[in-house]
Amino acid sequence: MTAKRRIHLAAHIPGVNNTTVWSAPDAGSQIDFSSFEHFAANAERGLFDYLFLAEGLRLREHKGRLHDLDVAGRPATLSILSALAGITRDIGLVGTLSATFNEPFELAKQLASLDHLSGGRAGWNVVTSSDAFHGANFRRGGFLDFAERYERAAEFVTVAKELWNAGTDRPVSHHGKHFDVEGTFPVPVSPQRHPVVVQAGDSADGRSFAAQHAEVIFSRHSEFGAAKAFYDDVKGRLAGWGRDEDSLKILPAATFVVGDSPRDAEEKARETALAQVSPQTAIAFVEQIWGRDLSEYDPDGPLPDVEPVVDATVTRGRVRHDDPAVTARAWRERADAEGLSIRELVIALSGRHSLVGTASQIADEIDRAVQDRATDGFVIVGATNPHGLDEFVARVVPELQDRGSYRTAYDEGAILRDTLDLPPLVEGATSLARDGAAV
Ligand SMILES: Cc1cc2nc3c(=O)[nH]c(=O)nc-3n(C[C@H](O)[C@H](O)[C@H](O)COP(=O)(O)O)c2cc1C
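Bear in mind the structure is a predicted one, so any value in this text is a computation, not a measurement.

Draft legend 1. Structural view of the sheet that holds strand 4 (residues 65-66). Spatially, the three strands line up as an open sheet ordered 4-3-12, and their pairing is antiparallel. Across the chains shown, the open sheet's two edge strands, defined by having one partner strand only, are strand 4 and strand 12 (315-316).

Printed below as a string of structure tokens:
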């Protein structure tokens, strides 16, 4: 009998968006350290590989004001992770940090420091960030065409690895298209040497970047068929870089609702979706596509009969690449076919949970997705902060352990790369590509 594939789980620290129900009775602060402390302790009790923070570089705006349906603001990623390093022992600490709006020397220094402080548990989710709205916060403004963003990200990661490899032992001299770095790195070589590199882009360029540079991908494809297609596509790119299937882990985001029975779970999922998509949230969601004020419309009524405004910027800070007219037509067709009000449509579009069922059903679904190679695991996203994953850890984790595909303890003193079952780094390498592979 072949051994079962091991499930890898990450715990997503809630972001500032309507997936998180900030109006829930047990909702805590998104700023107080006690929230992060509770979240991390629970995730470590659940033996997750790592806890994971997204990054928003600018607060969202809607109709010319800060978007007041989200909770605004939270502390900086590396500050949170450094504080958590002091109160956790085994769990990985992974933060999202932009390769478009940072400098490699500074970021490499911060990440190597986190790797030291945490005893080898640091990870970096390399994102290229969205648009000029975010860029306006930075000296460079909205610079970098899409095509150049991954080029810069690749050189950024390469420079960071040169610095991490060198530590304080020798000077680094890098001269490339995007960066000139000359000097000695101030931080000695860290326990993992390179913090684990995670990636979250979805385009062909993003996937190629991941196949060459990343060790984990945070993906949005959680449904079995879509997850499998993504897995096959990305893992299929690895051979071109001389890499094995297991050298890159793919972990899609997955929301969940656990019930005492399948019916109880469905009812709870419905309640959660209604809390996530308030009447005002539903209108704001549709306004993003229509590009105009729709506050006079009834969220329990039909979609607006007026057409969307082209090139509107009613919402800033969330990218939609789609053509509003095409999206509006598709939404109208769906609402007509299924008899959906505005709010019902928004729930159908955005409020669907990935894993809904009893703890046993959810464990079966996760296990099947991993054993059938649709994924290597999931980034679990709760609906509240800081208690959103408590139930998952208490009820689903023991079921996963019963199936023999989830750890029952951390390996003593393991670095994050080992917790993720990644191959050891090749000494001195700045690329994960093996000798002779296309570079
Ligand atoms: C699942 C997922 C999560 C992301 N999380 C973040 C984030 O937290 N912060 C950020 O600035 N960009 C984030 N991004 C944006 C990516 O870095 C990238 O800018 C964007 O997806 C466009 O690249 P692509 O066309 O290759 O997907 C995320 C993207 C995906 C797919």
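That was the structure; now back to the text.
Draft legend 2. Layout of the site of the ligand. Taken together, 16 residues sit near the ligand, with Glu55, Tyr150, Ala200, Asp202 and Ser203 positioned nearest. Contact between the ligand and Glu55: a nitrogen atom at 2.7 Å from a main-chain N or O atom of the residue. Here an oxygen atom of the ligand and a side-chain polar atom of Ser203 are 2.5 Å apart. With the chains in place, 81% of the 600 Å² that the ligand exposes on its own is no longer accessible. Of all the elements, helix 5 (residues 146-166) adds the most residues to the shell around the ligand, at three residues. Among the residues forming the shell around the ligand, the class breakdown is six nonpolar, six polar and four charged.

Draft legend 3. Focus on the packing of aromatic side chains. Inspection of every chain in the model, using the stated rule, returns 13 aromatic pairs. Seen in terms of ring centroids, Phe105 and Phe185 are 5.8 Å apart; in terms of plane orientation they differ by 85 degrees. Their pairing is edge-to-face. Here Phe185 lies in the loop between strand 8 (180-183) and strand 9 (196-199) and Phe105 lies in helix 3 (residues 104-117), a separation of 80 residues in the sequence. Classification of Phe185 as buried rests on a relative accessible area of 1%. When the ring of Trp124 is compared with that of Trp164, the centres are 6.3 Å apart and the planes differ by 90 degrees; the resulting orientation is edge-to-face.

Draft legend 4. Structural view of the nonpolar core. With 68 residues, the main nonpolar core has Phe48, Leu51, Trp124 and Phe392 as its most contacted residues. At ten residues, the largest contribution of residues to this core is made by helix 5. With residues near it in sequence (within four places) discarded, Phe392 still touches Leu9, Phe48, Phe256, Ile362, Ile366, Ile380 and Val397. Counting 18 residues, the second-largest nonpolar core is a separate cluster that includes Ile283, Ile289, Trp331 and Ala335.

Draft legend 5. Structural context of empty space enclosed by the protein. Tallied over the entire structure, the rule returns two cavities of 30 Å³ or more. Its volume calculated, the largest cavity comes out at about 70 Å³. Residue lining of the largest cavity: ten residues in total, with Asn18, Arg60, His67, Thr281 and Gln288 positioned closest to the centre. The class makeup of the residues in the lining of the largest cavity is three nonpolar, four polar and three charged. Its volume calculated, the second largest cavity comes out at about 40 Å³. Taken together, Ile13, Pro14, Gln30, Phe36, Arg74 and Asn385 form the lining of the second largest cavity. Per-class residue counts for the lining of the second largest cavity are three nonpolar, two polar and one charged.

Definitions and limits used
- Residues numbered from 1 in each chain as written.
- Predicted model: local features only at pLDDT ≥ 70, side-chain atom pairs only at ≥ 80, totals over all residues.
- Heavy atoms only, no water.
- Pairing = 2+ DSSP bridges.
- Helix = DSSP H or I, 4+ residues; strand = E, 2+ residues; numbered from the N terminus.
- Near = heavy atom within 4 Å.
- Polar contact = N/O pair within 3.5 Å; in protein donor to acceptor, adjacent residues only side chain to side chain.
- Areas by Shrake-Rupley, 256 points an atom, 1.4 Å probe, with all protein chains shown as cover.
- Nonpolar A, V, L, I, M, F, W, Y, C, P; charged D, E, K, R; others polar.
- Phe/Tyr/Trp six-rings, centres within 6.5 Å; stacked < 30°, edge-to-face > 60°.
- Buried < 20%, exposed > 50% of the residue type's maximum accessible area, 1.4 Å probe, protein only.
- Core = buried A, V, L, I, M, F, W, Y, C linked by side-chain atoms within 4.5 Å.
- Contact = heavy atoms within 4.5 Å.
- 1 Å grid on protein atoms, 1.4 Å probe; cavity = no way out; pocket = protein on both sides within 12 Å on 5 of 7 lines; lining within 4 Å.
- Points joined across faces, edges and corners; volume = space filled by probe spheres on them.

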